[in-house]
Amino acid sequence: MDLGAAAMIGAGIAAGAAALGASLGNGSVISKTLEGIARQPEAKGDLRGTMFIGVGLIEALPLLTWVIAIIMVFMKGNP
């Protein structure tokens, strides 16, 4: 296997793992936010704002991984 093929396989695995981790993280954050809103409906605005910040930070990881994967594919072993 040449270095270009290994870079493409590695990029695909990294992007898939980041997407899986982000989806699990988003599910956890959103479910806990809904649980908090059910317990304290008056804190709905604060919880929702904090949830959006958390989801935004969680979504930053797959975007960065995607950029790194694209760089890996286009470099193909050229240092």
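The sections below set out a description of the structure shown in this document. (Residues numbered from 1 in each chain as written. Predicted model: local features only at pLDDT ≥ 70, side-chain atom pairs only at ≥ 80, totals over all residues. Heavy atoms only, no water.)

### Section: the environment of F74
Our working definition: Numbering goes from the N terminus for both helices and strands, where a helix is a DSSP run of H or I of at least four residues and a strand is a run of E of at least two. Only protein chains enter the accessibility calculation, which uses a 1.4 Å probe; a residue is then buried when its area is under 20% of its type maximum, exposed when over 50%, and partly exposed in between.
With respect to the helices and strands, F74 occurs in helix α2 (residues 44-75). The class for F74 is exposed, based on a relative accessible area of 66%. Note: C-alpha distance between F74 and M8 (66 residues apart in sequence) is 9.1 Å.

### Description of α2
The condition is simple: What a helix should span is 1.5 Å times the count of its residues minus one. The contact criterion used throughout is that any non-hydrogen atoms of two residues lie within 4.5 Å.
Relative to the 46 Å expected for 32 residues at 1.5 Å per residue, α2 spans 47 Å between its end C-alpha atoms, a close match to the ideal helical length. Along α2, the residues that are buried comprise M51, V55, P62, T65 and A69. Those residues of α2 that are buried lie in contact with α1 (3-39).

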